[in-house]
There are 2 protein chains.
Amino acid sequence: MILDGKKISAVIRKNLKEEVKRLNDKITLVVVLVGNNSASKIYVRHKQRACDEVGINCEVIKLDENITEDELLNLINNVNNDESFHGLIVQLPLPKHLNANKIINSIDSQKDVDGLTVINQGKLANRQKTLIPATPKGVITLLDHYNINLEGKKALVIGRSNLVGKPLALLLLDKNATVTIAHSKTKDLEKETLNYDLIASCVGIPNFITSKMVKPGAIIVDVGISRVEGKVVGDCDFESLKDVASYITPVPGGVGPMTIASLLENVVESYKEMKGLL
Amino acid sequence: MILDGKKISAVIRKNLKEEVKRLNDKITLVVVLVGNNSASKIYVRHKQRACDEVGINCEVIKLDENITEDELLNLINNVNNDESFHGLIVQLPLPKHLNANKIINSIDSQKDVDGLTVINQGKLANRQKTLIPATPKGVITLLDHYNINLEGKKALVIGRSNLVGKPLALLLLDKNATVTIAHSKTKDLEKETLNYDLIASCVGIPNFITSKMVKPGAIIVDVGISRVEGKVVGDCDFESLKDVASYITPVPGGVGPMTIASLLENVVESYKEMKGLL
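Calculation criteria
- Residues numbered from 1 in each chain as written.
- Chains lettered and ligands numbered in written order.
- Predicted model: local features only at pLDDT ≥ 70, side-chain atom pairs only at ≥ 80, totals over all residues.
- Helix = DSSP H or I, 4+ residues; strand = E, 2+ residues; numbered from the N terminus.
- Rg over C-alpha atoms; globule rule 2.2 N^0.38 Å.
- Contact = placed C-beta atoms within 7 Å.
- Least-squares fit on C-alpha atoms with pLDDT ≥ 70 in both.
- Nonpolar A, V, L, I, M, F, W, Y, C, P; charged D, E, K, R; others polar.
- Pairing = 2+ DSSP bridges.
- Core = buried A, V, L, I, M, F, W, Y, C linked by C-beta atoms within 7 Å.
- Buried ≥ 20, exposed ≤ 12 C-beta atoms within 10 Å, placed from the backbone.
- Domains from an automatic or database assignment.
- Axes fitted to C-alpha atoms, helices over the stretch in contact; angles between N-to-C directions.

**Q** For this particular structure, what's the right way to read the overall build of chain A?
**A** Across its full length, chain A holds 10 helices and 10 strands. Here the C-alpha atoms of chain A give a radius of gyration of 19 Å, agreeing with the 19 Å that 2.2 N^0.38 yields for 278 residues. With respect to the three principal axes, the spread of C-alpha positions in chain A is 50 × 45 × 40 Å. Considering only contacts in chain A between residues 6 or more positions apart, those separated by 24 or more positions represent 67%.

See below:
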């Protein structure tokens with residue numbers, strides 16, 4: 001069965017659009033884009049388009065790649081203190097002369113809709129209410145939508161980034177799965193994978209997971225995004241896996257649209273939190 | 001081979017004692033004890049004795065169990081703002097009328113030598129330098145001391161608390177182990193354990209891990225503490241396991257003394273950070 005992220009995300013966006021209309025206020029996400037990374041430009045355009053669709057105002061601040069750290073920190077500080085801004089994203093990666101850690105953590109945790117500040121990461125680890133990074137949040141929303149019960153299931157997360165792998169592992173743990181985190185140093189991964197009821201691959205290598213590596217009936221969550229000859233592909237060999245897996249996310253149309261929908265949810269959540277509506 | 005926490009912790013404490021002498025300043029840990037929990041009283045006494053031994057000043061503030069949340073928050077705020085205090089522990093558990101989360105997170109993260117604030121938990125998840133909870137820190141120090149290379153090893157952490165299980169999993173992940181977190185909802189644990197190169201049991205049930213559950217040559221880290229007929233025992237059946245495991249921590253004399261030593265290290269680290277010596 002296909003976990004249809006495109007369909008579910010469309011429902012979420014439709015509901016958000018109605019909610020934004022009901023709230024009847026200008027909800028604004030600020031996206032800071034430093035430099036000329038072409039992939040970053042595409043991502044920012046996607047965010048802008050998604051905001052437009054649901055009626056969220058998206059202000060993109062484009063900055064020269066030679067901006068100093070102090071200038072950027074000042075700008076973030078201004079956004080933090082401006083009550084008309086409800087979410088703030090600093091698009092990564094940043095140019096090397098900027099301390100990404102310092103800059104991300106200068107974002108007010110209440111406006112940190114990417115969930116990347118240490119405060120929000122710590123809240124997630126401590127099971128406190130917080131803004132959850134959009135990709136893992138989207139994965140859980142998708143699994144929830146299909147009423148997939150994860151209690152006692154063996155879940156394997158491949159990848160240990162702060163944006164995806166680690167928070168996804170924590171969220172699966174909160175669902176009472178027994179969770180394993182694998183990574184580039186994991187041995188015999190191609191056999192290991194056979195032991196799991198759920199595999200979430202967050203690697204970015206096309207055809208990294210094949211049907212031979214997966215036990216029949218496993219749930220496959222494909223978080224990887226690569227481009228092959230201009231086509232967007234995931235980590236998982238969908239064609240062979242779709243006959244082995246019980247559930248599988250396609251790429252495109254799986255985790256990607258759920259990520260965008262979850263980011264929009266975070267912006268509205270942040271707005272409501274700021275207004276005391278939560 | 002026995003992982004001799006008693007011996008290694010004695011070395012650490014000896015070195016700390018010399019360092020404290022060299023620093024030639026009054027280093028102070030504040031421990032706040034609310035109410036009359038008898039186990040808490042014992043733990044606090046242990047901390048006090050350990051501080052005495054290395055020359056750290058330990059001030060225990062005993063509070064009536066009916067103290068209000070505001071009174072306690074005020075007191076913590078005063079300790080936070082007093083530069084003569086370098087570490088602050090609020091002994092858990094707290095009486096039920098107090099919001100433990102709120103109280104722990106009111107501690108200045110720089111003085112949070114238990115590593116329990118969301119800021120410090122988030123820093124740990126993000127691999128930033130921080131005060132690491134004493135028990136998992138002690139486990140890693142002990143494994144490091146015996147030059148145990150964890151890269152690519154399959155590690156199982158049983159237990160998912162914020163004080164021990166989760167931070168230990170993150171630290172093992174930083175050592176490039178492939179890490180699994182199991183818990184009360186994990187299925188067939190008694191068979192699962194056979195797949196792992198390292199098992200860290202943080203459960204608190206005597207004889208929870210027996211030799212039948214462990215593959216020959218595994219590393220056994222016993223984090224559990226229980227009392228049976230007045231005797232302190234761990235989660236692991238040491239007598240049968242010591243012939244199966246490659247390395248094993250005894251109880252007592254394993255993780256326990258390493259925890260105390262790590263807490264003392266955290267206090268000195270916090271002092272040095274405050275004084276700009278790090």
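And the narrative resumes.
**Q** Please clarify how the relation of the copies chain B and chain A should be interpreted in this entry.
**A** Here two copies of a chain appear, and what relates them is a rotation about an axis with a shift along it. The two copies are related by a screw motion: chain B maps onto chain A through a turn of 180° and a shift of 0.0 Å along the axis, at an RMSD of 0.0 Å. The transformation relating the two chain copies, once decomposed into turn and shift, fits a two-fold axis. Same-surface contact between copies: 100% of interface residues of chain B are shared with the interface of chain A.

**Q** Quick question: what am I supposed to make of the interface of chain B and chain A here?
**A** Interface size is often expressed as the accessible area that is lost when the parts come together. With 24 residues of chain B at the interface, the matching set in chain A holds 24 residues. Sorting the residues of the side of chain B that touches chain A by element identifies helix H5 (118-125), helix H7 (165-174) and strand E5 (178-182) of chain B as the ones contributing at least two each. With six residues, the top contributor of residues to the side of chain B that touches chain A is H5(B). Taken together, the residues that form the side of chain B that touches chain A break down as seven nonpolar, 11 polar and six charged. The pairing of strand E5 (residues 178-182) of chain A with E5(B) spans three bridges and is classified as antiparallel. For Val179(A), the partnering residue across the bridge sits in E5(B) and is Ile181(B).

**Q** Explain the sheet that holds strand E7 (residues 219-222) of chain B to me, please; I cannot follow it from the model alone.
**A** Backbone hydrogen bonds hold the strands of a sheet together, and the pairing may be parallel or antiparallel. Read from one edge to the other, the open sheet built from 10 strands follows the order E10(A)-E7(A)-E6(A)-E4(A)-E5(A)-E5(B)-E4(B)-E6(B)-E7(B)-E10(B), with strand pairing classed as mixed. In the strand order of this sheet, the two ends are held by strand E10 (247-248) of chain A together with strand E10 (247-248) of chain B, each with one partner.

**Q** Mind showing me how you'd approach the nonpolar core here?
**A** For soluble globular proteins, the rule of thumb is that nonpolar side chains tend to be buried together. Counting residues in each nonpolar core, the largest one holds 165 residues, and the members touching the most others are Val157(A), Leu198(A), Leu264(A), Val157(B), Leu198(B) and Leu264(B). In this view, Val157(A) contacts Gly165(A), Leu168(A), Ala169(A), Leu172(A), Val179(A), Ile181(A), Ala200(A) and Cys202(A); residues no more than four positions away in its chain are not counted.

**Q** Explanation requested: H7(B) in the structure shown.
**A** The α-helix advances 3.6 residues per turn, and as a result positions three or four apart in sequence lie on the same side. Residues and elements named next belong to chain B. Among the 10 residues that make up H7, nine are buried, leaving the element largely enclosed by the rest of the structure. Taken together, the buried positions of H7 are Gly-165, Lys-166, Pro-167, Leu-168, Ala-169, Leu-170, Leu-171, Leu-172 and Leu-173. Asn-176 occupies a position one or two residues after H7 and carries a positive phi of about 70°.

**Q** Honestly, the domain arrangement of chain A in this entry has me stumped. Any pointers?
**A** What the domain assignment lists for chain A is domain 1 (24-108) and domain 2 (134-255). Measuring from the centre of the C-alpha atoms in domain 1 of chain A to the corresponding centre in domain 2 of chain A gives 29 Å.

**Q** Before we go on, may I ask you to explain the sheet that holds strand E1 (residues 28-34) of chain A in this structure?
**A** All names here are of chain A. Here we have three strands laid out as an open sheet, ordered E2-E1-E3, and parallel in their pairing. The open sheet has two edge strands with one neighbour each: strand E2 (57-63) and strand E3 (87-90). Looking at each pair of strands side by side, their axes are set apart by 15° on average, direction ignored. In this structure, E1 lies alongside E3, joined through four bridges in parallel fashion. Across the sheet, Leu-29 pairs through a bridge with Gly-87, a residue of E3.

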